[in-house]
4 protein chains.
Amino acid sequence: MMRVPVAVLGASGYTGAELLRLLVDHPRVEITALAAERAAGARIDRVFPHLAGRLDREVEPLDPDQIAPRAEVIFSCLPHGASAGAVAALIARGRLVVDLSADFRLRDAALFAEWYGTHPHPELLAGAVYGLPELHREELRGARLIASPGCYPTAVILAAAPLLARGLVRPRLVVDAKSGVSGAGRSPTQATHFSEVGEGVRAYKVAGAHRHTPEMEQELSRAAGGVAVRITFTPHMVPMTRGILACVYGEPSDPARSEADYRAALIEAYRGEPFVTVLDDGLLPDTAHVRGSNRAHVAVKLDARAGVVVAIAAIDNLVKGASGQAIQAMNLALGWPEAEGLGGVGVFP
Amino acid sequence: MMRVPVAVLGASGYTGAELLRLLVDHPRVEITALAAERAAGARIDRVFPHLAGRLDREVEPLDPDQIAPRAEVIFSCLPHGASAGAVAALIARGRLVVDLSADFRLRDAALFAEWYGTHPHPELLAGAVYGLPELHREELRGARLIASPGCYPTAVILAAAPLLARGLVRPRLVVDAKSGVSGAGRSPTQATHFSEVGEGVRAYKVAGAHRHTPEMEQELSRAAGGVAVRITFTPHMVPMTRGILACVYGEPSDPARSEADYRAALIEAYRGEPFVTVLDDGLLPDTAHVRGSNRAHVAVKLDARAGVVVAIAAIDNLVKGASGQAIQAMNLALGWPEAEGLGGVGVFP
Amino acid sequence: MMRVPVAVLGASGYTGAELLRLLVDHPRVEITALAAERAAGARIDRVFPHLAGRLDREVEPLDPDQIAPRAEVIFSCLPHGASAGAVAALIARGRLVVDLSADFRLRDAALFAEWYGTHPHPELLAGAVYGLPELHREELRGARLIASPGCYPTAVILAAAPLLARGLVRPRLVVDAKSGVSGAGRSPTQATHFSEVGEGVRAYKVAGAHRHTPEMEQELSRAAGGVAVRITFTPHMVPMTRGILACVYGEPSDPARSEADYRAALIEAYRGEPFVTVLDDGLLPDTAHVRGSNRAHVAVKLDARAGVVVAIAAIDNLVKGASGQAIQAMNLALGWPEAEGLGGVGVFP
Amino acid sequence: MMRVPVAVLGASGYTGAELLRLLVDHPRVEITALAAERAAGARIDRVFPHLAGRLDREVEPLDPDQIAPRAEVIFSCLPHGASAGAVAALIARGRLVVDLSADFRLRDAALFAEWYGTHPHPELLAGAVYGLPELHREELRGARLIASPGCYPTAVILAAAPLLARGLVRPRLVVDAKSGVSGAGRSPTQATHFSEVGEGVRAYKVAGAHRHTPEMEQELSRAAGGVAVRITFTPHMVPMTRGILACVYGEPSDPARSEADYRAALIEAYRGEPFVTVLDDGLLPDTAHVRGSNRAHVAVKLDARAGVVVAIAAIDNLVKGASGQAIQAMNLALGWPEAEGLGGVGVFP
């Protein structure tokens, strides 16, 4: 079988590294180019010694014109804002692009402008597909520009969408999510300095200040059949490297329903899904159980006394929350088996 | 100055150790007896080598009759159920008892029975004072039986009580709290085994299954002037040893209020409090900033778009959430300066 | 291709779990039986939720007679002492057995008795092959009883054997090794309780008290061509789940040699090895770079001023130090490609 | 009692913060000035929220001329190189200076030049006292310029000096030490980024490349009565914030001695020491047991079979390895009780 040539832009960050980890074992692709601004000129296994023995390609400068001729699929792990330009250039050359930045996730350019600034390529927004296979599988088949979801939105949407889609909870949700530190990227900052962030937990960007808020509302509103869903979102940083645990609190639309009704909704929604496990009764999602895997664990509980439904999801932010999901979307776009190259079991303990 | 003799029951657990850490430097007390079932016969600095050089007393068996003659104040760190009997015996002998178990926290014996089983000494419930100085300072002066609050309730009540007391939020709250592993005690279990709990985050006892729920509702309802407050409570275990971060979500009773109004309520409530800091605007509570200290950091934010108030508190579960607060209550009961022996700044980083 | 049926004894511990993680993706085997004493009757994905969606077989009681007819290869993850009996029964039935316990690692029954007690099956010792492919590849081809190496010995031998084999260092070594907590197994103890072991580092079984000492000396002496190698071994427990870093200190046999000479020895020894990487100059082994992978990273430095050679190795104790290496040995024993099923890149960060 | 005015230069780093934590509760001093380059103009409890409620002084620019008139004692936490100038200016004005940088630790300006570059104030070296009270108590009384020891040297010297002073081990040592990440300071770098350094362990500056090497050799040689002691030093970074564990390996000068002989040497050396505990037989040092305290835990074991003595010390790098020890030295210099302000028990767990 001919392998399809793929390139990774922004290969020196964590989502880049995670793409490489998975792509070197993907049976249908061949990595033909790695680009990154700072690391240009270095061998990738010097940048990421965990790749030693598996990948020793040199990182090259970020130049879409140089890369397009050598790749049919390009993953962009460039930062928000920087990504759109490269994506546009590669789309113009007919490449399949999976963009892991936020640049093409919001369908409404005005909303994008509110959170990120003026969009440099609004003309591409309509054609971009939000790369969450559980919600947009059909649109992903044959897609050319895939906007890979944010890590928090992936967890939150997987927990909440089936309940909203079936009208089981009211469209106002409290979302309290906890992330490992790798979600903040590889650039050292005081907020991600080991001695500051270790051995403590804290919320940040509380009360709707986090940019993943509009993305969640967009997708949950679509899932709810167009009903505007409003959330308050509190992200936390916990002292671990990988993983997101999201708790979504909603009010039952009908207080007579039992916990089994909510659970049945999840089971129905995810029947046959290759990467979503609705946990058996008695188990609850734990990020340690999905570490290194593309799998999401979800569960739902009813606090009948308080009148609150709690839906919970655990993912690995770098796999199902980023690079694994991007590969899953590529597989769909190219008509390949959806789980190709993504079989790995989570690394526990 | 004569030092008051104090004893610690259950000295071989974490709240016992933390009491000892603080009491050895308390200028008005002298530790005269340590008791614990399993560790009986061992020197305490073999049980807890961090006490080496400061305390080398031998641990004795748990026998209130043996201990009462040698102590005026007794802290009980015995488990729920086991504590009540020892407490009753000591109260009968006229001792001041600070009970760190749950046995005397609920005022309603029927409610206690629902969550913990039949109360062995319901006759003592009416005289017990809930040992949260910020809410019950006056009752604590001269108290003889102090029910020291649970760790989660301390954080949650400190965050939410001022808002409820002023009627600023409706009496239905979502509480999402994250605890370090020391909150689960010192007995090894699979759930607290390093390799299981490290590098991951998970919720447990979701949807109102945690026994701290009725304690929080009792105290928040009292704070709300008798209005029944209902909460849904989700505790989490995060991979750190100490600390609790509680996020409390409520609905504004009047949507016209600004964030400043909520903040003013906290500032007013905690003016002059020796151990509660309402953080300056722009800061958010972080358990790393209260580690090893008796201080609580609190803040409140308004998500005006979503119509949700988020109150947040950070404490060290073993200090303000247990042993430090117990000493603070003892200080009040004996008419001593409230902060005596509790001055230590948090150990950061 | 027909898949070979394999069974795992002791499937409810960490090395069992790690075998399952790897074996479910091994293209030449099929898992046909899982046995474990305590977990018997439970579905394996309830015991280990990270296997959900990939393996849902029920765990059965430990009965070699029941298991032998259904498996050609059996991995035993039973504890030292308990393993030998099961292994003997399965060997007698003609099965290929890979034993991850210490029961067949020492060739000398008297030495075994000194450290572990009387050996129950000394007649099998002569036929057992020490399962470190880098030293015993040829013996492993066709082997029927493989004694899979201990985690510490794997790291230490990989660092030191090439230097001893070439006579570059004197046969007296100081070995200072640091392990993640998973090396202590899955049974909860006070020493592995999160709050005790987290946020601190400590040595244990200092001064030759650890049972891996004779195993290292046996293999290093063989590597040294029969010269008796003597080591002092200090294991440490560090607050992480996986990984071993071993530093081996030796005295140059010829002070005139340069660092490059020692490095050349490692490069020569490991040329063509599928799972050992001699790091480029300027890099040093880091357990984070081999987490979840079967790879070992090794390096050597010369402190010319002090006259000391420092050889360093990093492995994942559960993969190259246990289950991955056991599969590597099985591959060799069955004449399969050595790296089959072991390709996975380390999970970094 | 009049409090002595003290100032801290470099107050925005970790050793600065730790000084402040301890000094706010020191009964004989008053903090009158805080200086730091980057944080100048900010309130210290915004820089370090854990100080909220205890210290709210504003940080001022680094200007010795401005600070000297307001302080009798100045602690300098400035980086190596930057410190010497400020120290010289303050010494010239007759102030007592405790310098936590390396600038005055080496007595030999030529040796300093080899490791750090030309010394800007070699004229002050002769008058500086190495601030390790256990070795230089008498010199510290009345000292005016105290060179506070490095964190690694403190641990290593406390473990090894008594053995060398009594000629019990040969003067060639292997030193393998493990440090928490706070030892690398507060400036974010890739090497201290949470996701890089968490969940892994690694050596760095192997084979004598670490600048603490000459400092250890200088002091150990002095302890050995002038015999030149040579060490090979391997520092490691482990995934915890605070703590150093040092293992020192030496060869017995007389193979006939028993473990008890080595232990007796430590006990004799540290009899009456306020901050060194020789652990009871059966216990080993653990950094978790000295966290937040000025105490060192030491132990020694003999591996008679291998002919190696292993001396081990655990300290908190920020307390006994830096700021606590600096205060201990100040207490001695001013003729105060040596343990004043340093009583705190370690924060365990």
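Residues numbered from 1 in each chain as written. Chains lettered and ligands numbered in written order. Predicted model: local features only at pLDDT ≥ 70, side-chain atom pairs only at ≥ 80, totals over all residues.

When two helices pack together, their arrangement is captured by the angle between the axes and the distance separating the axes. All names here are of chain A. Closest axis-to-axis distance for the helix 7 (residues 151-165)/helix 11 (residues 319-333) pair is 8 Å, and the angle between their directions is 100 degrees. For the element pair helix 7 / helix 11, the angle class is roughly perpendicular. Mapping the contact onto sequence places Cys151, Thr154 and Ala155 in helix 7 and Lys320, Gly321, Ala322 and Gln325 in helix 11. (Axes fitted to C-alpha atoms, helices over the stretch in contact; angles between N-to-C directions. Helix = DSSP H or I, 4+ residues; strand = E, 2+ residues; numbered from the N terminus. Parallel < 35°, antiparallel > 145°, perpendicular 65-115°, else oblique. Contact = placed C-beta atoms within 7 Å.)

Overlaying chain A on chain C yields an RMSD of 0.0 Å, the required transformation being a rotation through 180 degrees with an accompanying axial translation of 0.0 Å. The operation mapping one copy onto its partner corresponds to a two-fold rotation axis. (Least-squares fit on C-alpha atoms with pLDDT ≥ 70 in both.)

Attention shifts here to the interface of chain A and chain C. Taken residue by residue, the interface counts 31 residues in chain A and 31 residues in chain C. It is helix 1 (residues 14-23) of chain A that provides the largest number of residues to the side of chain A that touches chain C, a total of three residues. Residues of the side of chain A that touches chain C, tallied by class, amount to 14 nonpolar, ten polar and seven charged. (Nonpolar A, V, L, I, M, F, W, Y, C, P; charged D, E, K, R; others polar.)

All right, on to the pairing of strand 10 (residues 244-250) of chain A then. All names here are of chain A. Most of strand 10 is tucked away, with seven of its seven residues classed as buried. Residues Ile244, Ala246, Val248 and Gly250 point to one face of strand 10 and Leu245, Cys247 and Tyr249 to the other, with burial holding for every one of them. In terms of strand pairing, strand 7 (residues 172-179) meets strand 10 through six bridges, oriented antiparallel. The residue bridging valine 175 from the neighbouring strand is valine 248, located in strand 10. As defined by bridge partners, strand 10 adjoins strand 13 (residues 308-315) across seven bridges and the pair is classed as antiparallel. (Buried ≥ 20, exposed ≤ 12 C-beta atoms within 10 Å, placed from the backbone. Pairing = 2+ DSSP bridges.)

Reports often express the size of an interface as the amount of accessible area lost when the parts come together. Tallying the contact residues gives 42 residues for chain A and 42 residues for chain B. Of all the elements in the fold, those that place two or more residues in the side of chain A that touches chain B are strand 7, helix 8 (194-197), strand 8 (202-203), strand 9 (230-237), strand 10, strand 12 (296-303) and strand 13 of chain A. No other element matches the five residues that strand 9 of chain A contributes to the side of chain A that touches chain B. Taken together, the residues of the side of chain A that touches chain B break down into 22 nonpolar, nine polar and eleven charged.

Moving on: the packing of helix 7 of chain A against helix 9 (residues 212-223) of chain A. Residues and elements named next belong to chain A. The contact between helix 7 and helix 9 brings their axes to 9 Å, and the two run at 25 degrees. Compared by their axis directions, helix 7 and helix 9 come out roughly parallel. Seen along the crossing, helix 7 lies across helix 9 with a hand that is right-handed. Where helix 7 abuts helix 9, its residues Tyr152, Pro153, Val156, Ile157, Ala160, Ala161, Leu164 and Ala165 lie against His212, Glu215, Met216, Glu219, Leu220 and Ala223. When grouped by side-chain class, the residues that make up the contact of helix 7 with helix 9 number eleven nonpolar, one polar and two charged. (Left-handed = near helix turned anticlockwise from the far one by under 90°.)

In this structure, Ala246(A), Ala246(B), Ala246(C), Ile312(C) and Ala246(D) are the most contacted members of the largest nonpolar core, which totals 518 residues. Once residues lying within four places of it in the same chain are set aside, the contact partners of Ala246(D) are Tyr152(D), Ala155(D), Val156(D), Ala159(D), Val175(D), Ala177(D), Ile312(D) and Ala313(D). (Core = buried A, V, L, I, M, F, W, Y, C linked by C-beta atoms within 7 Å.)

This part covers the domain arrangement of chain A. Residues and elements named next belong to chain A. Along its sequence, chain A is organised into domain 1 (4-127) and domain 2 (152-317). For domain 1 versus domain 2, the distance between C-alpha centres works out to 27 Å. Of the residues lining the interface, nine residues belong to domain 1; the matching set on domain 2 comes to seven residues. If you tally residues by element for the side of domain 1 that touches domain 2, the top one is helix 5 (residues 109-116), at three residues. Residues of the side of domain 1 that touches domain 2, tallied by class, amount to six nonpolar, one polar and two charged. (Domains from an automatic or database assignment.)

For the rest of this paragraph, the subject is the sheet that holds strand 7 (residues 172-179) of chain B. Residues and elements named next belong to chain B. Read from one edge to the other, the open sheet built from seven strands follows the order 8-9-7-10-13-12-11, with strand pairing classed as mixed. Each of the sheet's edge strands pairs with one partner strand only, and the pair in question is strand 8 (202-203) and strand 11 (276-278). Of the strands in this sheet, strand 7, strand 9 (230-237), strand 10 (244-250), strand 11, strand 12 (296-303) and strand 13 (308-315) touch helix 7 (residues 151-165), which is tilted by about 35 degrees from strand 10.

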